[in-house]
Amino acid sequence: MKIAIVCYPTFGGSGVVATELGIALAERGHEIHFITYKQPVRLELLSRNIHFHEVSVPDYALFHYQPYELALSSKLVDMVKLHKIDLMHVHYAIPHAYAGYMAKKMLAEENIFIPMVTTLHGTDITLVGNHPFYKPAVTFSINNSDVVTSVSASLKEDTLRLFDIRKDIHVVPNFIDIEKYNNPYTDCQRDLMATKDERIITHISNIRAVKRVPDVIEIFDRIQKEIPSKLLIVGEGPEKEACERLCASKGIQNKVLFLGNSSEVDKILCFSDLFLLPSEKESFGLAALEAMASSVPVISSNTGGLPEVNQHGVSGFLSEVGNVDEMAQNALLILKDDTSLSTFKRQAREAAIKFDTKNIVPLYEAVYEKASNKV
Ligand code: GMT
């Protein structure tokens, strides 16, 4: 099929999933057209089956807000016609599903009928989309998609609870290329980060309030009092400075490394012993899955879709949001000796295998088939 993928090109999980999906579909013989405002971060190599079309929004002084949705829907119309695209797959409801719907309507005027699949990723439903300013438009664009998918059963429940939805929602979980992680050829430079006797604890996120990074620091503070360890915080975001100040106030700034954004998380995870994800909300937790695929056990909150990913007592442990004492105790249980750590490492990897690309991407292909039969 010729598929247009609309996504955010940033480090966020929705953009990463959309990009990895496009790459996997291209490998399976589909022709993929990424349509967004910048080349997606994980799309390093363009290939015969992968194309990128940039949406540009020229600045015009009259506009207080530049109309991105308008430019995106016009670009979609032009690209669908030029490349004879069969289907649009939009990731993240705001504003992509809305722009996709407008493109569909404009194309229908020219007797071109194209199906649209919308994938809901999380904050488009639980945080932003639920705001009264956006809710009618989000409800409308979900109801007018040909097929809707969500990345977890929990996100499906949230969507049905928060919005007036008349559509079936298909759960298609996040996925990872299991071969890419735990790769014996990865250049695993552990000694750059810590000494031999130290455990390495990692957190990766966009350092927003929803991720509760201060809880990460609280948990780590308790761990480092018992076991020599280092904390690596990967990512950039608005809470970063406050977190740096918190580390300084606790006197642990020399044990916490803020590494900034990275497009090579597999290289960081390969030398990590434990992953912390104590989020307030998390529709799936792709970062936790990437850790597990790298044989890194996960201490997480039990919110949203996390219990569908992290198996309590197997790939790590889950606790109530904010229960940093319990999270630290469970972390110590995993880290206390090499036997316990290697058992959890093995189990984390095993629990990740069911989310391998080859098991999940065919579910999207089935969704495309279903959507195509609807127009
Ligand atoms: O919160 C993030 O890490 C970014 C966010 C996004 O919109 O890109 O991630 C959401 O989508 C990911 C991919 O489906 C999910 O794995 C994340 O759990 C989800 N984030 C939240 O629900 C907070």
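Reading guide: rules and limits
- Residues numbered from 1 in each chain as written.
- Predicted model: local features only at pLDDT ≥ 70, side-chain atom pairs only at ≥ 80, totals over all residues.
- Heavy atoms only, no water.
- Domains from an automatic or database assignment.
- Contact = heavy atoms within 4.5 Å.
- Buried area = accessible area lost by both parts, 1.4 Å probe.
- Salt bridge = Lys/Arg side-chain N within 4 Å of Asp/Glu carboxyl O.
- Polar contact = N/O pair within 3.5 Å; in protein donor to acceptor, adjacent residues only side chain to side chain.
- Helix = DSSP H or I, 4+ residues; strand = E, 2+ residues; numbered from the N terminus.
- Nonpolar A, V, L, I, M, F, W, Y, C, P; charged D, E, K, R; others polar.
- Buried < 20%, exposed > 50% of the residue type's maximum accessible area, 1.4 Å probe, protein only.
- Expected span 1.5 Å × (residues − 1).
- Arc of directions from axis to C-beta.
- Pairing = 2+ DSSP bridges.
- Axes fitted to C-alpha atoms, helices over the stretch in contact; angles between N-to-C directions.

Caption draft 1: The arrangement of the domain arrangement of the protein chain in detail. For the protein chain, the assigned domains read domain 1 (2-175 + 357-372) and domain 2 (190-355). Between the C-alpha centres of domain 1 and domain 2 there is a distance of 30 Å. Contacts between the two partners involve 21 residues from domain 1, matched on the other side by 17 residues from domain 2. Between domain 1 and domain 2 the total buried area reaches about 1,400 Å² when both faces are included, carbon and sulfur atoms providing 59% of it. Among the residues of domain 1 in contact with domain 2, Phe11, Arg42 and Asn174 are the three that bury the most area, contributing 34% of the side total. Our count for the domain 1 to domain 2 interface comes out at zero salt bridges. One can count seven residue pairs in polar contact (both at pLDDT 80 or more) joining domain 1 with domain 2. At the level of elements, helix H1 (13-27), helix H6 (153-162) and helix H14 (357-372) are the ones that each hand at least two residues to the side of domain 1 that touches domain 2. Of the residues contributing to the side of domain 1 that touches domain 2, the split by class is ten nonpolar, nine polar and two charged.

Caption draft 2: Representation of the side chain of lysine 104 within the structure. Position of lysine 104 relative to the elements: it lies in helix H3 (residues 93-109). According to the relative accessible area criterion, lysine 104 is buried, its value standing at 16%. Leaving out residues up to four positions away in the same chain, lysine 104 has contacts with Met88, Ile112, Ile114, Pro115, Met116, Asp146 and Val375.

Caption draft 3: Fine view of helix H12 (residues 324-335). The end-to-end C-alpha distance of H12 is 16 Å, a good match for the 16 Å that twelve residues give at a rise of 1.5 Å each. Residues Val324, Met327, Ala328, Asn330, Ala331, Ile334 and Leu335 constitute the buried set of H12. End-on, the buried residues of H12 take up no more than an arc of 165 degrees, which puts them together on one face. Among the structural elements, strand S8 (199-204), helix H7 (213-226), strand S11 (274-277), strand S12 (298-301), strand S13 (316-319) and helix H13 (338-352) are those in contact with the buried residues of H12.

Caption draft 4: Region of the structure containing the sheet that holds strand S1 (residues 2-6). What the seven strands build is an open sheet, ordered S3-S2-S1-S4-S5-S6-S7; its pairing is parallel. The open sheet has two free edges, formed respectively by strand S3 (50-54) and strand S7 (169-171), since each of these has just one partner strand. Averaged over all neighbouring strand pairs, the angle between strand axes comes to 25 degrees, with direction disregarded. By the bridge criterion, three bridges tie strand S6 (residues 147-150) to S7 in an arrangement that is parallel. Across the sheet, the residue bridging to valine 148 is isoleucine 169, located in S7.

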